[in-house]
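As a plain string of letters, each chain reads:
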Amino acid sequence: MKVTIDGIPVEVEPGTSILNAARQIGGDIVPPAMCYYSKLEGSGGKCRTCLVKVTKGSEKDPRPMPKLVASCRTGVMDGMEVQNITSPEVIEARKGIVEMLLINHPLDCPVCDQAGECHLQDLGFEHGAAKTRYEFDRRTFERIDIGDKIQLHMTRCILCYRCVFTADQITNTRLHGILNRGDHSEISTYISKAVDNDFSGNVIDVCPVGALTDKTFRFKNRVWFTKPVQAHRDCDKCCGKTTLWYKGEDVIRVTGRKDVYGEVEEFICNTCRFDKKKTADWVIEGPSKVSHKSVISSNHYEFTPLPVVKTNPVLLEANKEQFERDTRL
Amino acid sequence: MGRKLLLEHINVPGINTFDVYRSKGGYASVEKALKTMSPEEIVEEVKKSGLRGRGGAGFPTGMKWSFLAKPEGVERYLVCNADESEPGTFKDRYLMTYIPHLLIEGMIVASFALGAKTSYIYVRGEMMPQIRILERAIAEAKAKGFLGKNILGSGYDLELYVQPGGGAYICGEETALLESLEGKRGNPRIKPPFPAIAGLYGCPTVVNNVESIAAVVPIINEGGEEYSKLGIGRSTGTKLISAGGNVKKPGVYEIDLGLPVEEFLYSDEYCGGIANGKRLKAVVAGGSSVPILPANLFLKTINNEPRLMSYESLSDGGFVSGTMMGSGGFIAYDEDQCIVRNTWNFTRFYHHESCGQCSPCREGTGWMEKVLHRLEHGHGRMSDMDLLVDVSKKIEGNTICPLGDAAAWPVASAIRHFRDEFEWHVTHGAEAVTRNFGLAHYADPLPKPEVLA
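Conventions and cut-offs
Residues numbered from 1 in each chain as written. Chains lettered and ligands numbered in written order. Predicted model: local features only at pLDDT ≥ 70, side-chain atom pairs only at ≥ 80, totals over all residues. Core = buried A, V, L, I, M, F, W, Y, C linked by C-beta atoms within 7 Å. Buried ≥ 20, exposed ≤ 12 C-beta atoms within 10 Å, placed from the backbone. Contact = placed C-beta atoms within 7 Å. Helix = DSSP H or I, 4+ residues; strand = E, 2+ residues; numbered from the N terminus. Pairing = 2+ DSSP bridges. Right-handed = clockwise from strand over helix to strand, strands pointing away. Axes fitted to C-alpha atoms, helices over the stretch in contact; angles between N-to-C directions. Nonpolar A, V, L, I, M, F, W, Y, C, P; charged D, E, K, R; others polar. Expected span 1.5 Å × (residues − 1).

S.K.: Help me out: how do you make sense of the nonpolar core in this one?
M.R.: Note that soluble globular proteins tend to have their nonpolar side chains buried in a common cluster. By size, the foremost hydrophobic cluster in this structure holds 201 residues, and its most contacted members are B:Val79, B:Met107, B:Val109 and B:Val283. Apart from residues no more than four positions distant in its own chain, B:Val283 is found in contact with B:Leu293, B:Ala295, B:Phe298, B:Ile331, B:Ala332 and B:Tyr333. Counting 12 residues, the second-largest nonpolar core is a separate cluster that includes A:Phe199, A:Cys238, A:Leu244 and A:Cys272.

S.K.: Would you take a moment to explain the pairing of strand S2 (residues 118–123) of chain B for this structure?
M.R.: Look at any regular strand and the pattern is simple: side chains alternate between the two faces of the sheet. Residue and element names in this part refer to chain B. Of all the 6 residues making up S2, 5 are buried; the element is thus mostly covered by neighbouring parts of the structure. As defined by bridge partners, strand S1 (residues 77–82) adjoins S2 across 6 bridges and the pair is classed as parallel. Each residue of the ladder has a partner; that of cysteine 80, found in S2, is isoleucine 121. The parallel pair S2 and strand S3 (residues 159–164) is bridged by helix H7 (residues 128–143), and the resulting crossover is right-handed.

S.K.: I would appreciate a short explanation of the sheet that holds strand S10 (residues 280–284) of chain B in the present structure.
M.R.: Adjacent strands of a sheet pair through backbone hydrogen bonds, lying either parallel or antiparallel. Residue and element names in this part refer to chain B. Spatially, S8-S7-S13-S10-S11 is the arrangement adopted by the 5 strands of the open sheet, whose pairing is mixed. Two strands bound the open sheet, and with one partner strand each, they are strand S8 (251–256) and strand S11 (292–294). Between one strand axis and the next, the sheet turns through 30° on average, direction left out of account. Looking at chain direction, strand S7 (residues 238–245) and strand S13 (residues 329–334) are connected through 4 bridges and run parallel. Within the sheet, the bridge partner assigned to serine 242 lies in S13 and is glycine 329.

S.K.: Help me understand the interface of chain B and chain A, please; the structure alone is not making it clear to me.
M.R.: Often the size quoted for an interface is simply the accessible area lost on bringing the parts together. Taken together, the contact pairs 22 residues of chain B with 26 residues of chain A. For the side of chain B that touches chain A, the elements supplying multiple residues, two or more each, are helix H15 (339–353), helix H16 (359–376) and helix H17 (383–395) of chain B. Per-element accounting of the side of chain B that touches chain A gives the leading share, 8 residues, to H16(B). Of the residues in the side of chain B that touches chain A, the class split is 7 nonpolar, 10 polar and 5 charged.

S.K.: Where do I start with H17(B) in this structure?
M.R.: Three or four residues apart is the spacing at which side chains of an α-helix point the same way, because the helix has 3.6 residues per turn. End to end, H17(B) covers 19 Å across 13 residues, agreeing with the expected 18 Å (1.5 Å per residue, within 8%). B:Asp384, B:Met385, B:Leu388, B:Val391, B:Ser392, B:Lys394 and B:Ile395 are the residues of H17(B) that are buried. Looking at the packing, one finds that the buried side of H17(B) touches helix H2 (88–103) of chain A together with H16, helix H18 (403–417) and helix H19 (419–427) of chain B. Downstream of H17(B) by one or two residues, B:Gly397 has phi in the positive range, about 80°.

Here it is in C-alpha cells:
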C-alpha cells in the first residue's frame, strides 16, 4: 500500500497505522506519541498528540477525513495522503494538547528522576509554548509505594494507560488500573495492593513521565551524569538483554533497551532490573548509542578528546605574565 | 393539536400493566411483525419512515440498522440506550415510568428485525424505580408469551435484560455503554471499528435511544409511508420534548416535528409561555450540549423566518446563529437568569463527567470550569473570554468521543451570543454577585439583513 505523509511516499503493509508508516520514513515527520506503545496491544488514541490530518482518504474514496485523526490508531488505506508538520491545523491542535497535558503537571523537572529522558519534556520543548495561561492550583496526590521497588507519583501522571496495559498483558495478575474519573482519576494498584510480580518493573520503563520511578535509583543521580552500556546475562525468566547505567565504576540502574522512540525492545524481569547491580553479573557488549539531541549524550564523548597542548609558547608567555602579576603583591 | 403516537394512551389508568396496555392495542406491532413480515421488510419500513435517532445525533435509524454486519454464526445484539443523563432531558425516564410496555414492544420488533437473540436495556444507575418497572413489565410480557422461547409460535426466541449502569454520563456514549455493559470501566472506545461491526463482546451491535425504539411501534402499526407524512422535510414523525426551565407548564410533550417554536413555547397546549409574566431571554433547545441561543435568534432564524422544531430548522445558520435538535431537552431562561452562571454550571457538569481518557477533554473541561467560576464570582478578566473560546476550540473535534464537543459548544456559543453579559461580569465584578445582567437586547427584533447591490 502506498501512503504519502507530508509529501513523502512510502510503501507499507496493509493494516499498518499511519504512525508506524511515518516511523518507517523517520525523521521530523513522525508524530509524537505519549500513550501509544507498539509492544502493548490496545494502547494509543488517548493522549491525542499524534493527531494528523488526512487530506485524501484513499485512492477509492478520495474524500478527506472531517476531523483530525489519531495516527496511532488509524490504519492506512491505499493512496492515502496525510499531513503532519505541513498542516498548520495539526500544529495548532498539537500545541493545544501539549498545553492541556502540562496544565496539571507539576513541572518539577529539577527534582524529577525522569528529567533528561522524559517524553513530556521533549514534547513540551518541541511543541509547547514557553508560558502557561493556566493560573489555578494544579491537582496533587500523595506518593504511593507500589511494592518495595516502585514508587507512584500520581501528580506527574498524564494518564497514558501504558502501565495499565503492561500490567494487563505482561503480568499474570491484574492489580493495576484506573480509579475515579476525569481529571481526578488516578492510577491505582487495586486499592493500594502492592504489585508483586516478576515483570512489574516494566511499568517504570513504559511510563513516559516521572510518575512511576525505580526506588533503587530514586534521587541517586541525574541521568545525564550516568553512562548507558549495553549488557546481557543468562536469565531464566526473561531475555536478559538490558542497558546498564554506570556512574563511574558502579551500576546504579538497569533498564530495558530502548529504541529511538523510547520503547523497550524486550521487557525484562525484576531480578535483572533490581537485583543485579554488579558489573560481574553482566556481560558487557559496549556503550549504547545515544542521540546527539539527548541531554544524556552531553557528557559522553564518542571520540578521543583533543590532546592538551603543553608547549604553546603564547600560552607559556601569558601564564608567566599572569603569575608575576599575581605574586607581585 | 398534533397526533400522539407514543403518548396516545399515557393518561389511561393502569397503562403500565400488560392487560390495560394490550386492551389499548398494545403488542399489535409484534403480532404484525412476527407473523406477516420478514426482518428485511421491517428494516425497509423503518428506512421508509425516515425515523432519525432520537438520542441527539439524529442519524437515520433505518440506515443504522442496515449497516449492521451479518456474519454467519456470530451473535448480534440490540442494546437500548436508556442512560439518559443530559441535563435538561427527561423524556426517556417519563416514557419508561408510565408506559414501559411501549419500549418492550419496540425492543421485540427491533430485535426481530436485526436478528438479535439477546437484547439489553442499559438504564442509568440513578433510575432504580424505572429499572424495577421495566423488570416487572418484562416479567409480564414473558408470562404472556411475548418474550422468551418461540414468541407467538413464530419460532423466534428473544431474551431481554435490564442492566443498571453506575450512573455515569459518559456511559450514554454508545461505545462506553458497551464497555460498561461488558463489565469494564466505562471508557469510550476508539472508533473505528464501529459497533455495527464489532460492538458488544466483539459482535455486531446496534445501540438505539429509548424513544427511537419506541417509535418503531407506530411505524410498524401504520407503515413507514404513513409515519413519514408527519413532520416536515427530513424530520419525520413525532418527537418527545422535555420542556423545563422558566416555562409555565414544564413537562414532556409529544410534538409533530415542524411545529413553530413560538407555538411550542407560548401556546397553552404546550409550555404556556414564560412563568410569572416574565420575558424570554435564552433557550437551550436540545439538552445542555447544544449551543445556547438568545431569544431573538431562537424564535427567528437569521433570515427572519420563523424557526420550527425540526432537525433542519433548529440547526439553520450552523453554529453561528443556529443550534441543534439534540435529545429534546428544552430549557427556557427568563430575564432573571444569569447566562454566565448557567454556563459555569454546565461546564461543572462536564468537568465532573469527563471520563479522563483523552487529554484535551480531561484537562480542558476542568480549566474552563475554573475560569468560568472566576468570572461568575466577579474575579474575571477581559482576556478570559478569548481564553475560553480558545480552550473550547482546542477541545472540540480533538477527542475520542463527542463529550469533548458537548463540553465545548455551550461555552463557545454562550460567549458568542452573550459576550456583553460576560464583559459586564468583569467590569462590574462586585455588582455581578448581587444582581443579574437582565434581559438587555437579547429579545430585540433581529436587524434586517443588508441588501448588497
